[in-house]
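Structural overview
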Amino acid sequence: MTNKDAFNEAKKFIPGGVNSPVRAFKSVNAVPIVIQKGDGSYLYDVEGKKYIDFIQSWGPLIFGHCDKDIQNAISSALSYGISYGAPSLNETTLAKIVCDKFKNIDKIRFVSSGTEATMSAIRVARGYAKKDGLIKFEGCYHGHSDALLVKAGSGATTYLHASSAGVPENTVKDTHLAIYNDLQSVENIFKTQSIGAVIIEPIAGNMGLVPAKKEFLQGLRKLCDEYKAVLIFDEVMSGFRASEFGSLPYHGVLADMITFGKVIGGGMNVAAFGGKNEIMDCLSPNGAVYQAGTLSGNPLAMAAGIASIKKINENPEIYKRLETMANNLVNGFKQAGAKYGVDIQINVRGSMFGFFFNKNEVLNYDDALKSDTKMYALFHQAMLNKGVYLAPSQFETGFICTTMTDEDIEFAVNAANEAFKEITK
């Protein structure tokens, strides 16, 4: 079976043939590869072709595909049951591991997706602050709950929609948009609106990789304190990915709440939101803010998360190596592009990387939208043909995993040189 055959079959039964829009490869004008298996740094499609995987399931696989420690933990938990719908010891174990890592997190609650985590964190923050207004930033994606699908980056940007059909205007009337890395835009909203919460990706990963400036986050912290709003850092992507402490080493700002995901599930469907006692105790059954989930704290997912974070805690030095490889990769891309007159802007945060086909530095959503998406599509297809699997959108982030080698990075950089030679003829 070819990838095209497999995709056409999927389209008969699944909307667009995919269960998450960016997988359809529309923004890169290509047929998606359909995966047969993963192994370490690599993916294999249904045609048997091998690719270096710089997506790693969009972040959670920091130790690569089929990590034996994580798989063994899941297998062991599986022998006791798939789901309980009741408390288990592993929930407390993983909660303690995460809370011990972050001094601004006293308590945490597990959910099954990043969308649930951010949606729930905002609900708790509003309940605690007793104010309905929410500030989010153009280009930041916090999942697909209705109130957040306004200039949401990621797939919404890929398909040129600033929001989504089916979202009632009344649902987003309390959502106020600010400009990423522009403190004045935030202050202007605070001066005219009653704001209960501010949510931001301190390392934006859904308009491409765009880190927030340290001074900007410091100013955001001061504004939230002044106006008594809850500051939420969405670290679903950057938590345990940018560093063992997420984005914190890059700015030193303590948020009131943090959302987690990706790595804390070790590849399984786990996310979480946490904060100080006085905020988290607003949650039912202690408080009036309701949130629930049958599969929250799933025993298999908890086991995978415990194994994943334990490996990080035992090997914190991995981030230095991963960051070196990420820098070598994108610098290699930049140098390869320069040979053929192609401008590339690059960013790296730990094991996360991003690059834009853009003449100017990308600091916010509008800057990102000025990138050359046609060039990205050509580059993506050329790289895929050479066995390098990059995100199928200019507006996504790439990831390095521990099983990658210097030879893998060299292979990808050489492929980039060949790709630019081909597409700039």
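Throughout this document, residue positions are counted from 1 along each chain, in the order its sequence is written. Residue-level local features of this predicted model are given only where pLDDT is at least 70; pairs of side-chain atoms are given and counted only at 80 or more, and the full residue set underlies all totals for whole chains, interfaces and linings. Side-chain measures were taken over the full set of non-hydrogen atoms in the model, leaving aside hydrogen atoms and water.

For the rest of this paragraph, the subject is the pairing of strand β10 (residues 230–235). In terms of burial, β10 is largely enclosed, as six of its six residues are buried. Side chains V230, I232 and D234 project from β10 onto one buried face, and the interleaved L231, F233 and E235 project onto a second face that is buried too. In this description, strands pair whenever DSSP reports at least two bridges between them. Secondary structure elements are defined from DSSP: runs of H or I of at least 4 residues count as helices, runs of E of at least 2 residues count as strands, and each element is numbered from the N terminus. Strand direction decides the pairing type here: strand β7 (residues 195–200) and β10, joined by four bridges, are parallel. Across the sheet, V198 pairs through a bridge with L231, a residue of β10. Three labels apply to residues, based on accessible area from a 1.4 Å probe with only protein chains included: buried if under 20% of the type maximum, exposed if over 50%, partly exposed otherwise in between.

Let us look at the domain arrangement of the chain. According to the domain assignment, the chain consists of domain 1 (3–66 + 316–424) and domain 2 (68–314). Residue ranges for the domains originate in an automatic or database domain assignment. For domain 1 versus domain 2, the separation of C-alpha centres amounts to 25 Å. Each partner contributes residues to the interface: domain 1 has 42 residues there, and domain 2 has 42 residues. Simply put, the buried area is the total loss of 1.4 Å probe accessible area from both parts when two parts are fitted together. For the pair domain 1 and domain 2, the summed buried area comes to about 3,300 Å², and 62% of that belongs to carbon and sulfur atoms. In this description, contact between two residues means that some pair of their heavy atoms is separated by no more than 4.5 Å.

Quick look at the nonpolar core now. Nonpolar cores were defined as sets of buried Ala, Val, Leu, Ile, Met, Phe, Trp, Tyr and Cys residues, with membership established by side-chain atoms within 4.5 Å. One finds F54, F353, F379, L390 and I400 to be the most contacted residues of the largest nonpolar core, which totals 73 residues. Considering each element in turn, this core owes the most residues, nine residues, to helix α11 (residues 318–339). Residues lining this core come from more than one domain, with at least three contributed by each of domain 1 (3–66 + 316–424) and domain 2 (68–314). What L390 contacts, discounting residues up to four positions off in sequence, is F54, I55, F333, F353, F355, Y376, F379, H380 and M383. In this structure, I135, Y180, L223 and A368 belong to the second largest nonpolar core, which totals 30 residues.

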